[in-house]
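# Summary of structural features
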Amino acid sequence: MKTRIFLDGGDPAETRDLLGRLGFLDGQTTNPTLIARNPAARARLDRGERLPEAEVLAFYRGVVHEISGLLPAGSVSVEVYADPATGPERMLEQAAEMYPWIPNAHIKFPSNAAGLAAAETAAAAGMRVNMTLCFSQEQAAATYAATRGAARGQVFVSPFVGRLDDRGEDGMDLIANILRMYRAGDGHVEVLTASVRTLDHLLFALALGSDIVTAPYKILREWADRGVPQPGADYRYPRGTLRPIPYKELDLALPWRQFDVAHDLTAQGMEKFSADWNALIR
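A brief report on the enclosed structure follows. Because the structure is a prediction, the values reported are computed rather than measured.

## A few points about the overall build of the chain
- Counting its regular elements, the chain contains twelve helices and eight strands.
- In summary, the chain has a C-alpha radius of gyration of 18 Å against a globular reference of 19 Å for 282 residues, a match within 12%.
- Here the C-alpha coordinates of the chain stretch approximately 50 × 45 × 35 Å along the principal axes.
- Out of the 282 residues in the chain, the part that is buried amounts to 57%.
- Restricting the contact set of the chain to residue pairs at least 6 apart, pairs at least 24 apart contribute 73%.
- Of the accessible surface of the chain, which amounts to about 11,700 Å², a share of 52% is contributed by carbon and sulfur atoms.
- The chain carries 30 positive and 35 negative side-chain charges, and their two centres are separated by 2 Å.

## Remarks on the side chain of Thr30
- Looking at the secondary structure, you find Thr30 in the loop between strand 2 (27-29) and helix 2 (32-36).
- Of note is the side chain of Thr30, whose polar atom sits 2.7 Å from the side chain of Tyr60.
- Side-chain polar atoms of Thr30 contact the backbone oxygen of Ser77, separated by 2.7 Å.
- For Thr30, the contacting residues outside a window of four places in its chain are Gly9, Tyr60, Val64, Ile67, Ser77, Val78, Glu79 and Lys108.

## Topic: the pairing of strand 8 (residues 212-215)
- Both faces of strand 8 are covered, namely the face carrying Ile212 and Thr214 and the face carrying Val213 and Ala215.
- Relative to strand 8, strand 1 (residues 4-8) runs parallel, the two being bridged by four bridges. Across the sheet, Phe6 pairs through a bridge with Thr214, a residue of strand 8.
- Summarising the sheet, strand 7 (residues 189-193) and strand 8 pair through two bridges and their orientation is parallel. Bridging across to strand 8, Leu192 finds its partner in Ile212.

Procedures and definitions
- Residues numbered from 1 in each chain as written.
- Predicted model: local features only at pLDDT ≥ 70, side-chain atom pairs only at ≥ 80, totals over all residues.
- Heavy atoms only, no water.
- Helix = DSSP H or I, 4+ residues; strand = E, 2+ residues; numbered from the N terminus.
- Rg over C-alpha atoms; globule rule 2.2 N^0.38 Å.
- Buried < 20%, exposed > 50% of the residue type's maximum accessible area, 1.4 Å probe, protein only.
- Contact = heavy atoms within 4.5 Å.
- Areas by Shrake-Rupley, 256 points an atom, 1.4 Å probe, with all protein chains shown as cover.
- Lys, Arg positive; Asp, Glu negative; His and termini not counted.
- Charge placed at Lys NZ, Arg CZ, Asp CG, Glu CD.
- Polar contact = N/O pair within 3.5 Å; in protein donor to acceptor, adjacent residues only side chain to side chain.
- Pairing = 2+ DSSP bridges.

Everything listed here is a matter of coordinates, which is why it stays silent on function.
Quick look at the structure:
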């Protein structure tokens, strides 16, 4: 397949199981919410335990280290803590700490102005980055511009399709629009379809030629149990009543700060991830 397949999860047991079912995985994405759902973390939370921040970071490091060992040839995304008030300097401090945890890390920054400023500095220093919580073509254009000059494979952008679907917009249109826009560029940013909720999200990402798709365990297990089907030439995505997202003509040569990267879903996602992280910390 042209598209690489990642697991979206924070439990190494799921990674092992899917390696057995599929025979392969090309990488894994993690975030604070997924780490908070890890069975070991969940058990401690259920007992009412909260941990010092250093211990939470050590737990996160241990989880991604185990996943990295299972996927040595793949990529493992590790996310910085960022609420809507977190500045680029603090994000870069965390990135500098997290990046050496494993040899195949991509550091996840949010697709807001602070995250893009941090990614610009990190990518220029040679760090692999993954711009998460992307909900607009403008955010993807800004990712391209902020990381201009990076090598292919160094930068991912992660549009979240399911959360757009939740409010009646066709999230898969965003994937198609970004892929179309990037065809005019140099290919240094790869599109990672994220927030996959259904098998059709996965199949349509394959049909569109998304560089990567990350999906939760239950979707990849369903795909494996059905024999890893591929979308044929007659495949039609069942978009139902979802509103289309129109394509925009954007100039990738512009400086990234000239793009409007504000998006309410990005801010909401940052609030959710930071709240789940804070729930672990004493």
